[in-house]
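So you can see what is in the structure, the chains are spelled out below.
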Amino acid sequence: MSPADWDLLLRLARHTQLLGRLEADLAQLALLDRIPERAGNHLRAARNLVAHRQTRLTWEADRVVWALRGLDLHIVALKGVAYMLAGLPAARGRLAVDVDLLVPQEQIAAVEQRLLERGWMGAQLDPYDDQYYREWMHEIPALRHRERETEVDIHHRILPRTSRLQPDPALLFQQTRAVPDSPIRVLGPQDMILHALVHLFHEGDPKEGLRLRDLVDVADLLRHFGQEPGFWETLVPRAEQLQLGRPLHYGLVFSRQLLGTEIPDAVLQQAQSSAPSWLVQRAMGWLVPRAILPTHPDQSDPIAALARWALYLRAHWLRMPPGLLFQHLARKAWRRVQAALQPQGSGSSDKPSGS
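This section reports on the structure supplied with the text. Because the structure is predicted, anything quoted here is derived from the model rather than measured.

## Let's talk about the packing of helix H1 (residues 3–15) against helix H3 (residues 37–67)
Here H1 crosses H3 at 10°, and the two axes come no closer than 10 Å. Put simply, H1 runs roughly parallel to H3. Between H1 and H3, the residues in contact are Trp6, Leu10 and Arg14 and Ala39, His42 and Leu43, respectively. Broken down by class, the residue content of the contact of H1 with H3 amounts to four nonpolar, one polar and one charged.

## Quick look at the pattern of salt bridges
One pass over the structure, following the stated rule, counts 19 salt bridges. A salt bridge links Arg21 to Asp220, with the shortest nitrogen-to-oxygen separation between them at 2.5 Å. Linking Arg21 in helix H2 (residues 19–28) with Asp220 in helix H9 (residues 212–225), this pair joins segments that are 199 residues apart in sequence. The exposure class of Asp220 is buried, given its relative accessible area of 6%. Between Lys79 and Asp100 there is a salt bridge whose closest N-O contact spans 3.8 Å. Here Lys79 is found in helix H4 (residues 79–85), whereas its partner Asp100 is found in strand E2 (residues 99–102), with 21 residues between them in sequence. A single salt-bridge network, built from bridges that share partners, covers Arg21, Asp25, Arg92, Asp220 and Arg223.

## Structural notes on the sheet that holds strand E6 (residues 177–179)
Pairing within the open sheet is mixed, and its seven strands lie in the order E3-E4-E5-E2-E1-E7-E6. The open sheet has two free edges, formed respectively by strand E3 (120–122) and E6, since each of these has just one partner strand. Shown here is a sheet whose adjacent strand axes are inclined to one another by a mean of 40°, direction ignored. The pairing of strand E4 (residues 143–145) with strand E5 (residues 151–155) spans two bridges and is classified as antiparallel. Considered in E5, the bridge of Leu143 is made with Val152.

## Comments concerning a nonpolar patch on the surface
A contiguous nonpolar patch, built from Trp286, Ile303 and Leu306 and spanning about 280 Å² of accessible area, is present on the exposed surface. Summarising the element assignment, Trp286 is placed in helix H13 (residues 278–292).

## Details of the pairing of E5
Across the five residues of E5, four count as buried, placing the element largely inside the fold. As defined by bridge partners, E2 adjoins E5 across four bridges and the pair is classed as parallel. Directly across from Asp100, in E5, lies its bridge partner Asp153. Counted between consecutive antiparallel strands, the loop separating E4 from E5 contains five residues, among which Glu149 sits at a positive phi close to 60°.

## Thoughts on the packing of helix H8 (residues 189–201) against helix H10 (residues 231–241)
The contact between H8 and H10 brings their axes to 9 Å, and the two run at 55°. Here H10 runs oblique to H8, going by the angle between their axes. H10 is crossed by H8, and the crossing has right-handed handedness. Contacts between H8 and H10 pair Pro189, Gln190, Asp191, Ile193 and Leu194 from the former with Phe231, Thr234, Leu235, Arg238 and Ala239 from the latter. For the contact of H8 with H10, the per-class residue count stands at six nonpolar, two polar and two charged.

## A closer look at the packing of aromatic side chains
The description of an aromatic ring pair rests on the distance of the ring centres and on the angle between the ring planes. In the structure shown here, the tally under the stated rule is eight aromatic pairs. Cluster of aromatic residues (ring-pair linked, three or more members): Tyr132, Tyr133 and Trp136.

## Notes on H10
For H10, every residue scored as buried is listed here: Phe231, Trp232, Leu235, Val236, Arg238 and Ala239. Looking down the long axis of H10, one finds its buried residues gathered within 165° of arc, a one-sided arrangement. On the buried face of H10, the contacting elements are helix H7 (169–174), H8, H9, helix H11 (245–259) and helix H12 (265–271). Gln243 sits one or two residues past H10 and shows a positive phi near 65°.

How each quantity is defined
Residues numbered from 1 in each chain as written. Predicted model: local features only at pLDDT ≥ 70, side-chain atom pairs only at ≥ 80, totals over all residues. Heavy atoms only, no water. Axes fitted to C-alpha atoms, helices over the stretch in contact; angles between N-to-C directions. Helix = DSSP H or I, 4+ residues; strand = E, 2+ residues; numbered from the N terminus. Parallel < 35°, antiparallel > 145°, perpendicular 65-115°, else oblique. Contact = heavy atoms within 4.5 Å. Nonpolar A, V, L, I, M, F, W, Y, C, P; charged D, E, K, R; others polar. Salt bridge = Lys/Arg side-chain N within 4 Å of Asp/Glu carboxyl O. Buried < 20%, exposed > 50% of the residue type's maximum accessible area, 1.4 Å probe, protein only. Pairing = 2+ DSSP bridges. Patch = residues over 30% accessible without salt bridge, like charges linked within 9 Å, V, L, I, M, F, W, Y side chains within 5 Å. Areas by Shrake-Rupley, 256 points an atom, 1.4 Å probe, with all protein chains shown as cover. Left-handed = near helix turned anticlockwise from the far one by under 90°. Phe/Tyr/Trp six-rings, centres within 6.5 Å; stacked < 30°, edge-to-face > 60°. Arc of directions from axis to C-beta.

Limitation: the analysis is restricted to geometry and does not speak to function.
Right, here's the structure in full:
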């Protein structure tokens, strides 16, 4: 590769939060000594940042356990922290930003109160945003430690209460796995993959679109857990039990198509029973690659922007019933108008909820 190619690769990897993963893959292949020195410097810096962030987040998870000591509850780590604690390949080079935990809904109030007493603080939200989280979402407002400034997200389910899909949280707790030397548990293999897919296809960002890193997580988990006896035979039935057959269908299709993940044909055929109509499949087949693959950072791509907006609207459509969705988007639009009309330097800020 030429220096210009390396420059573009590093910029795209950084934008997609895969720079640390690129370093980890090249190190695993013993290729780091064969790349340009300046490119290697960027990759080593990314490796150091990932190591620092992972140490920081695993320590924060340990402090949460300390703060909640004495409460009789199950604590389940989600996403990046779960991959780290369980020692999964998906943690290689992965740059995580916060600690995501799942606890039973009936114990949310006790957990939040205990953390507030032990040094964490809640975000300053207006009454609507606070109501948005507590009545409609799958998590309470994020908590940040006063000294370490590390953010902790406490979930009580993996999709909002208003979502059209409603996987039963009790079923998730039934199949969690223990983590060595830790009271924290992680989701079962099938559930961990399904949660990653929910995060990929049911979260929307009009600027970034679907996150390629999330699909890389899914591919890593499929490759790893696919070696366990009985995994593939129980994957689709578990998705159907949790009402997540459609996200699984998309995840298997695009993991194979975009990342070359080896998936048994029988599993793909079984997942096809949850596929949407032919027209919707064609639409998603056109939208997802354009929204998830990175575009040139110096060139605008109106087609990719259109695909991201379409999937952003789809995510909101699936998260809320039409009436509530219209009310929510109208309020967000009005707040943006108000913010735009405020004089510069007024000191006010607007942080729309649910983005």
